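# Results of the structural survey
Here is what each chain is made of, one letter per residue.
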Amino acid sequence: MDFKDLADLIFPNAKPVEYYEEKYPSRDLKEGAVVTRVAPSPTGSTHIGTLYQALVARTIAKQSEGVFFVRIEDTDTKREVEGGIDNITSSLNYFGLGPDEGMISGSEEKGNYGPYKQSSRKEIYESFAKKLISEGKAYPCFCTEEELTADREKQERIKRRPGYYGVWAKCRNISPEKAIERIKAGEKYVIRFKSPGNEARKIKVSDGIKGKITFPENDLDIIIIKSDGLPTYHFAHCVDDHLMRTTHVIRGDEWLSSVPLHIQLFEQSGFKAPKYCHIAPIMKNDNGNKRKLSKRKDPEAGVSYFAEIGVLPEAVKEYLLNIANSQFESWRKGNKDKSIEEFQFQLNKMSVSGALFDFTKLFDVSKNVISRLSADEVYNYSYEWANKYDEELANLLKDKDYSLKVFGIERNNSNKPRKDLAKWSDVKENIRYMFEKPTEFDFGKIDGDEAKKVIEEYLKIYDINDDKQTWFDKMKDVAEKCGYAREVKEFKASPEKWPGHVGDVSTVIRVALTGRQNTPDLYEIMQVLGKDEVEKRLKDM
Ligand code: GLU
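If you're wondering where the values come from, they're calculated on a predicted model, not measured in any experiment. (Residues numbered from 1 in each chain as written. Predicted model: local features only at pLDDT ≥ 70, side-chain atom pairs only at ≥ 80, totals over all residues. Heavy atoms only, no water.)

What follows is about the pattern of salt bridges. Oppositely charged side chains may form a pair once their charged atoms are brought near each other. Here the structure, examined in full by the defined rule, presents 53 salt bridges. Note that Arg 161 is salt-bridged to Asp 219, the shortest N-O span being 2.8 Å. Taken together, the residues Arg 161 in the loop between helix 6 (145–157) and helix 7 (176–184) and Asp 219 in the loop between strand 8 (211–216) and strand 9 (223–225) connect sequence positions 58 residues apart. For Arg 161, a relative accessible area of 30% gives the class partly exposed. Assessed through its relative accessible area of 12%, Asp 219 is described here as buried. (Salt bridge = Lys/Arg side-chain N within 4 Å of Asp/Glu carboxyl O. Helix = DSSP H or I, 4+ residues; strand = E, 2+ residues; numbered from the N terminus. Buried < 20%, exposed > 50% of the residue type's maximum accessible area, 1.4 Å probe, protein only.)

Set out below in structure tokens:
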């Protein structure tokens, strides 16, 4: 009786690994093309970290004319939630990060290297585990939970490293005969990897993001097939990324410490290890403490939050590129109108420690993105958002022609559009005065009687048909008439001569019409409000 008999007993029907090697041949890609993936577990709403990894992985694949795929890692059935896969695939689609291959919905996939859902790959893992067992590189372990717990406690007590290794790896030297006997007797078991490592030896790894790192070799005999017959993450990663011909494993840096194990698994399986690239997580500043974004505490950790507050997916992606690559910002400055797809992303320029999530920066980026949209686009996006999240705004926007004029202010015919919208949830307060008469007025340094006089004088000469120059000249006329300086310049030269200048006069009109001291171009606002509404609002004042 030898290892081969043991392997045959455990996995009698497993196909030879050659079958899969042939079925999933090396990819025929141009020199230098990289194959990347994102491999989330369907454990709930999509985390911003998944999006971040997908963005980086996809960008790297695209710019090398390689392949980006989505694999669902659902071998931990206890953590899986209903609809989890749909959640991931639809989030990726929503953010324009759909894959070339892999899962595209809860039940569909595309591509020749599937199945792309680990729970559908059981037979494949069995083949590769069988090969390892038959070569004496993996073995059945019969240790019970109680035995393992007792060993762990003992290790703690006598201050030894925890884990299943060396003398603690009790089942690693059970002979095939004995193992066969115990299996036949109905004993429960898992399959463990027989690590050839020695903790005292070091290995050097060059991570695509973190750079050169030295680790102790792995010597843990980790579980590769659990008692439920499904693989652990470690083994599934090794088999899948080999067969799917992944060249670059871009993943969260919580896996960094597993690299020595993973490299060993690849070696022992006879595979070429991929290039590892470990991304630092997005962090949050919590009262001076830097911590990982948490779905429980931080709404921005869940990607659906951005749709809810109405930040465009494009803006979120652009923001993530900003925190991912320090040169992105200067590239954007020099390439204002280019698509982010044209930015040459460099993995080795990613930050080694986690970048902080910064709403101010996100909204800044987002304002720029929205400033590049046409009035039509702004209308369509905000109306669509409003129909989902804000009925009151949806009602305001019902009159499409008028709304388009409102969104066209300082946008149509402007080469420097205003940057006052960061998200669709800002729209209502931003444009409300264009739809409803304001109810609160603060004229600043001008008192009520003065304001009244200015409005009265203005009403006498207001004409909707005036061009902008005439309109402005009339403001100056009113200023003069009410005893204010016609020109800001002359006021500044001798401020003691006047109570204010033409700017203060237009502020009165602005506040009377909009309830605000700060608005986009007043001339345009008045053109859009129209003669009747302007006169009505001024008279009501
Ligand atoms: N399923 C693993 C996770 O959710 C993926 C790690 C990887 O990308 O390999 O963290």
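Next comes the rest of the write-up.
What follows deals with unusual backbone geometry. A cis geometry characterises the amide bond from Gly 114 onward to Pro 115, with omega recorded as 0°. Even without glycine at this site, Lys 159 takes up a positive phi of about 55°. Looking at the secondary structure, you find Lys 159 in the loop between helix 6 and helix 7. On the basis of relative accessible area, Lys 159 is assigned to the exposed category, the value being 73%. With phi around 55°, Glu 410 is a residue other than glycine that occupies positive phi space. Tracing the chain through its elements places Glu 410 in the loop between helix 16 (400–408) and helix 17 (427–431).

This paragraph deals with the packing of helix 1 (residues 3–10) against helix 5 (residues 122–134). As a packed pair, helix 1 and helix 5 sit with axes 7 Å apart at the nearest point and diverge in direction by 155°. In terms of orientation, helix 1 lies roughly antiparallel with respect to helix 5. In this structure, helix 1 meets helix 5 at a crossing whose hand is right-handed. Packed against helix 1, whose contacting residues are Phe 3, Lys 4, Leu 6, Ala 7, Asp 8 and Ile 10, the element helix 5 presents Lys 130, Ile 133 and Ser 134 at the interface. Partitioning the contact of helix 1 with helix 5 into residue classes produces five nonpolar, one polar and three charged. (Axes fitted to C-alpha atoms, helices over the stretch in contact; angles between N-to-C directions. Parallel < 35°, antiparallel > 145°, perpendicular 65-115°, else oblique. Left-handed = near helix turned anticlockwise from the far one by under 90°. Contact = heavy atoms within 4.5 Å. Nonpolar A, V, L, I, M, F, W, Y, C, P; charged D, E, K, R; others polar.)

Attention now moves to the packing of aromatic side chains. For the structure on display, the rule yields 28 aromatic pairs. Ring geometry for Tyr 20 against Tyr 24: centres 6.4 Å apart, planes inclined by 5°, an arrangement best described as stacked. Of the two residues examined, Tyr 20 and Tyr 24, each falls in the buried class. Consider the rings of Tyr 458 and Tyr 462, whose centres lie 5.8 Å apart with planes at 35°: the pair is tilted. (Phe/Tyr/Trp six-rings, centres within 6.5 Å; stacked < 30°, edge-to-face > 60°.)

Around the ligand, a shell composed of Arg 37, Ala 39, Ser 41, Glu 73, Tyr 233, Arg 251, Glu 254 and Trp 255 is seen. Here an oxygen atom of the ligand sits 2.6 Å away from a polar atom, N or O, in the side chain of Arg 37. Ser 41 places a side-chain nitrogen or oxygen 3.3 Å from a nitrogen atom of the ligand. Starting from 300 Å² of accessible surface for the ligand in isolation, the protein chains cover 83%. Of the residues that constitute the shell around the ligand, the class distribution is three nonpolar, one polar and four charged. (Near = heavy atom within 4 Å. Polar contact = N/O pair within 3.5 Å; in protein donor to acceptor, adjacent residues only side chain to side chain. Areas by Shrake-Rupley, 256 points an atom, 1.4 Å probe, with all protein chains shown as cover.)

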